[in-house]
Amino acid sequence: MLGSRRIILFLLLFTLAPVQASTETNPWKALSFPVEQFVRVSSPFGWRTNAMGGNGTEFHAGLDLKAPEGANVRAWAAGMVTEAAFEHGCGWHIIINSSPWTHTYCHLSLMGVQVGDTVQTGQIIGAVGATGRATGPHLHWALRYNGELVDPYPVLLQMQQAWQE
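Residues numbered from 1 in each chain as written. Predicted model: local features only at pLDDT ≥ 70, side-chain atom pairs only at ≥ 80, totals over all residues. Heavy atoms only, no water.

**Comments concerning the overall build of the chain**
Put simply, the rule reads: A run of H or I in DSSP counts as a helix once it spans at least four residues, and a run of E counts as a strand once it spans at least two, with each numbered from the N terminus. Categorising residues by exposure relies on relative accessible area from a 1.4 Å probe, with only protein chains included: less than 20% of the type maximum marks a residue as buried, more than 50% marks it as exposed, and the intermediate range marks it as partly exposed. Working rule for contacts: check all heavy atoms of both residues, and any pair within 4.5 Å makes them a contact. Residue burial considers only the protein chains on display, and all accessible areas are found by Shrake-Rupley using a 1.4 Å probe.
When helices and strands are counted, the chain shows two helices and 13 strands. Relative to its full complement of 165 residues, the chain shows a buried share of 42%. Intrachain contacts of the chain at a sequence separation of at least 6 include 64% that bridge at least 24 residues. A total accessible area of about 8,300 Å² is found for the chain, and carbon and sulfur atoms account for 55% of it.

Here's what the structure looks like:
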């Protein structure tokens, strides 16, 4: 999503839509940062030059969170594992449905869940790796809301703000 549709969706997400049922006044507090031993954001969401050194640009549909090989990957929100498999680009990856959200974790070195498992927020689901189309160990973390891609960075900012309250 680009342009005004993206801005409108962003406003809807952060003003109207609850992330999950929570007894707290701010549901963003109930979520988990998806990776331990986080170093930095190594590639943002959106258009970028080809990450593998090729010509041209490509759309990067998630946020790359650099962390050491083997660092724990945690479920951002509670939900059901709908995919746990290998794919050329994403490598070993896990997709969790936390309706209306779907969260994807790519390039894993280990997977600790399988399709059909119910996971809790913050549960360890795998480990950072560099499988698939990756230039080094990191977690590629992608979010969808009602099937539409969402930039994960503003989500992390909302979580950070909630935790600081």
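**Focus on the side chain of Asp64**
For the record, the criterion: Polar contacts here mean pairs of N or O atoms no more than 3.5 Å apart (in protein, one a potential hydrogen donor and the other a potential acceptor; neighbouring residues in sequence count only if both atoms are side-chain atoms).
In this structure, Asp64 sits in strand 4 (residues 63–66). A relative accessible area of 7% places Asp64 in the buried class. A distance of 3.0 Å separates the side chain of Asp64 from the side chain of His140, its partner in a polar contact.

**Some details on a nonpolar patch on the surface**
This is how it is decided: Two joining distances apply to patches: 9 Å for like charges and 5 Å for nonpolar side chains (Val, Leu, Ile, Met, Phe, Trp, Tyr), and every residue must have over 30% relative accessible area and no salt bridge. Each salt bridge in this description consists of a side-chain nitrogen of Lys or Arg and a carboxyl oxygen of Asp or Glu lying within 4 Å of one another.
Together, Phe38, Val41, Tyr153 and Leu157 make up an exposed nonpolar region whose accessible area comes to about 330 Å². Relative to the helices and strands, Val41 is located in strand 1 (residues 40–43).

**Description of the confidence of the model for the chain**
Put simply, the rule reads: Per residue, pLDDT captures the predictor's confidence, and it can take any value from 0 to 100.
Confidence in the prediction of the chain, expressed as mean pLDDT, is 85, and 81% of residues score 70 or more. Considering only residues more than four positions removed or in separate chains, one finds that residues 1–23, a stretch of pLDDT under 50, has 38 contacts.

**Looking at the environment of Pro44**
Along the polypeptide, Pro44 turns up in the loop between strand 1 and strand 2 (46–49). When its relative accessible area of 53% is taken as the criterion, Pro44 is described as exposed. In sequence terms Pro44 and Ala61 are 17 residues apart; their C-alpha atoms lie 8.8 Å from each other.

**Points about the packing of aromatic side chains**
Convention followed: We call Phe, Tyr and Trp rings a pair once their centres come within 6.5 Å, taking the six-membered ring for Trp, and we label the pair stacked below 30 degrees between planes, edge-to-face above 60, and tilted otherwise.
Summed over all chains, the structure comprises six aromatic pairs. Summarising the aromatic geometry, the rings of Phe33 and Phe38 are spaced 5.2 Å apart at their centres and angled 70° between planes, so their arrangement reads as edge-to-face. Since its relative accessible area comes to 25%, Phe33 is described here as partly exposed. Measuring from ring centre to ring centre gives 5.3 Å for Phe86 and Trp92, while their planes differ by 65°; the resulting arrangement is edge-to-face. Taken together, the ring pairs connect Trp28, Trp76, Trp101, Trp141 and Tyr145 into an aromatic cluster.

**So, helix 2 (residues 152–164)**
Quick note on the threshold: How far a helix is expected to stretch is found by multiplying one less than its residue total by 1.5 Å.
Taking 1.5 Å per residue, 13 residues should reach 18 Å; helix 2 reaches 19 Å between its end C-alpha atoms and fits that length. Turning to helix 2, its buried residues number three or more, namely Pro152, Pro154, Val155, Leu156, Met159 and Ala162.

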